[in-house]
Amino acid sequence: MKNLLIIILLLFTIESCTSNKKNSKITEQEQPEARINKPILNKETANYLYHFAYECIDREYPNKLGQVLGDGTYLKEPSELHPSFYGCFDWHSSVHGHWTLLNILKEIPDFTHKEAILKKLQKNITEENILKEVAYFEDEYNKNFERTYGWAWLLKVTETLRDWDTPEAKQMYEHLKPLSSLIEDKYIHFLEKLTYPIRVGEHPNTAFGMSLALDYAKKYSPKLEQVIVQKAKAYYLADKGCPIDWEPGGFDFLSPCLQEASLMMKVLPKNEYITWLDSFLPNFRKNPSSYLEVAEVTDRSDGKLAHLDGLNFSRAWCLYEMANALNNDKMKRVADTHFAYSYSKMDSGEYAGAHWLASFALYAILKSN
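Our subject in this report is the structure included herewith. Please read all numbers here as calculations on a predicted model, not as lab measurements.

## Considerations on the side chain of Asn129
And then number 1: Checked against the element boundaries, Asn129 lands in helix α6 (residues 127-138).
And then number 2: Among the residues examined, Asn129 registers a relative accessible area of 13% and is labelled buried.
And then number 3: A polar contact is formed between the side chain of Asn129 and the backbone oxygen of Asn124, at a distance of 3.1 Å.
And then number 4: When residues no more than four places from it in sequence are discounted, the contact partners of Asn129 are Pro83, Ser84, Lys123 and Asn124.

And the structure:
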């Protein structure tokens, strides 16, 4: 009887192990499951995104000018100082609001609101208005205005206009060209004298600006491309062990570690990049979800706290860029989770986020494919 009980127990143990192995195999097979939250740009998402930028590129107030006053004559209405980019609370948000609308029209040529959008864009991006913008940047007290965050977005607008082969885009590009050329020159001059990179999670982040500017420069500015590549290697090539577990800071809308990692992906050959990345973020390629959790926003009426929605989007686009280059589905799924959390909450009715987040969401969508 005792021997019979032992045999039964052994059979039960074997069956249990076999069952666990089967379940384990099923789990492993289910790992590369479909990306249910994968962002996509279609007419539905475009219709959701466009109104954020459309409603603010000609909304003058509230407004944060960020200017240096040389004397009392500098006190003017935002639309007098910046006749092209006076809306959306601040200059850079207005610029990437224009980028958002341009890219929606470029990607969806038969978009329902095309004519109304074009009317606003063409009213703002005129030869006369852009020359006034140029004059502002040439003022002795404002030569560094929007360095380098706004500069990078202005080059993205220029890139879109040059990529988009329509009469309207060509005309707007010709109007924008004097400002684009000035920004290119300013960017080159600044990087040549910048000895140390700026590694913060907000506007001045050097890797962010260089990454956006490099997309433009690879197509349209060999000199700027050369400077960015040289400086990226000088700033970041020796970096190791980025403390990504320290992120995010309370007001971050950029990830210092991921911005740098996505920039270097554009700078280094693939094999060199993998070696660099595994030293910069050890084990990150194999298990990115263990290093990143979605950033939670507690108050979307607070402009600084609302930055964290932007962080979810910017993390997502960095991960998409890296994942596409490395064919890494784990990074894509982490990116999808970050994107989905903030995308579903964008339309909160709070202008603190509404004036800029659509641009970040759209940029992540475009980088996801």
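Let us keep going from here.
## With respect to the nonpolar core
And then number 1: Counting 111 residues, the largest nonpolar core has Leu49, Leu179, Tyr273, Leu281 and Met346 as the members making the most contacts within it.
And then number 2: At eleven residues, the largest contribution of residues to this core is made by helix α8 (residues 167-193).
And then number 3: Apart from residues no more than four positions distant in its own chain, Met346 is found in contact with Tyr48, Leu49, Phe52, Phe313, Leu357, Ala358 and Ala361.

## Some details on helix α2 (residues 43-54)
And then number 1: Counted at 1.5 Å a residue, the expected span for α2 with its twelve residues is 16 Å, and the 16 Å between its end C-alpha atoms agrees.
And then number 2: What α2 keeps buried is the set Thr45, Ala46, Tyr48, Leu49, Tyr50, His51, Phe52 and Ala53.
And then number 3: Along its buried surface, α2 packs onto α4 (91-107), α5 (114-124), α14 (329-343), α15 (351-354) and α16 (357-368).
And then number 4: The N-capping residue of α2, defined by a side-chain oxygen 3.1 Å from the backbone nitrogen of Glu44, is Asn42.

## Things to note about the environment of Glu128
And then number 1: Structurally, Glu128 can be placed in helix α6.
And then number 2: It is 22 Å that separates the C-alpha atoms of Glu128 and Asn144, two residues lying 16 residues apart in sequence.

## What about the environment of Asp71?
And then number 1: Relative to the elements of secondary structure, Asp71 occurs in the loop between α2 and α3 (78-81).
And then number 2: Given the relative accessible area of 40%, Asp71 is considered partly exposed.
And then number 3: For Asp71 and Met322, which are 251 residues apart along the polypeptide, the C-alpha to C-alpha distance reads 47 Å.

## Concerning the packing of aromatic side chains
And then number 1: Scanning the model with the defined rule gives 32 aromatic pairs in all.
And then number 2: Relative to Phe145, the ring of Phe137 lies with its centre 5.5 Å away and its plane at 65°, an arrangement referred to as edge-to-face. Across the pair, exposure class does not vary: Phe137 and Phe145 are buried alike.
And then number 3: Over the face of the ring belonging to Tyr341 we find Lys345, whose NZ or CZ atom lies 4.0 Å from the ring centre.

## Some thoughts on the state of the cysteines
By definition, a disulfide is the covalent link that joins the sulfur atoms of two cysteine residues.
And then number 1: Summed over the entire model, instances satisfying the criterion amount to two disulfides.
And then number 2: Disulfide pairing places Cys56 opposite Cys88 at an S-S distance of 1.9 Å. Its torsion about the S-S bond being 85°, the disulfide of Cys56 and Cys88 is classed as right-handed. With a gap of 32 residues between them, Cys56 in the loop between α2 and α3 and Cys88 in the loop between α3 and α4 connect regions that are remote in the sequence. Of the two residues, Cys56 and Cys88, both sit in the buried class.
And then number 3: In this model Cys242 forms its disulfide with Cys257; the gap between the sulfur atoms is 2.0 Å. Disulfide Cys242-Cys257: the torsion about the S-S bond is -90°, which places it as left-handed.

## With respect to the pattern of salt bridges
And then number 1: Summed over the entire model, instances satisfying the criterion amount to 20 salt bridges.
And then number 2: Across the salt bridge formed by Lys219 and Asp163, the nearest N and O atoms sit 2.7 Å from each other. Note that Lys219 is positioned in helix α9 (residues 206-220) and Asp163 in helix α7 (residues 149-163), a separation of 56 residues in sequence.
And then number 3: A relative accessible area of 44% means that Lys219 is categorised as partly exposed.
And then number 4: Residue Asp163 is classed as partly exposed on the basis of its relative accessible area of 30%.

## What to know about the environment of Ser94
And then number 1: Position of Ser94 among the secondary structure elements: in helix α4.
And then number 2: When its relative accessible area of 0% is taken as the criterion, Ser94 is described as buried.
And then number 3: With 19 residues separating them in the primary sequence, Ser94 and His113 have C-alpha atoms 19 Å apart.
And then number 4: Dropping the residues within four chain positions of it, Ser94 is found in contact with Ile57, Ser84, Phe85, Tyr86, Gly87 and Cys88.

Parameters at a glance
- Residues numbered from 1 in each chain as written.
- Predicted model: local features only at pLDDT ≥ 70, side-chain atom pairs only at ≥ 80, totals over all residues.
- Heavy atoms only, no water.
- Helix = DSSP H or I, 4+ residues; strand = E, 2+ residues; numbered from the N terminus.
- Buried < 20%, exposed > 50% of the residue type's maximum accessible area, 1.4 Å probe, protein only.
- Polar contact = N/O pair within 3.5 Å; in protein donor to acceptor, adjacent residues only side chain to side chain.
- Contact = heavy atoms within 4.5 Å.
- Core = buried A, V, L, I, M, F, W, Y, C linked by side-chain atoms within 4.5 Å.
- Expected span 1.5 Å × (residues − 1).
- Phe/Tyr/Trp six-rings, centres within 6.5 Å; stacked < 30°, edge-to-face > 60°.
- Lys NZ or Arg CZ within 6 Å of the ring centre and 35° of its normal.
- Disulfide = S-S within 2.5 Å.
- Salt bridge = Lys/Arg side-chain N within 4 Å of Asp/Glu carboxyl O.

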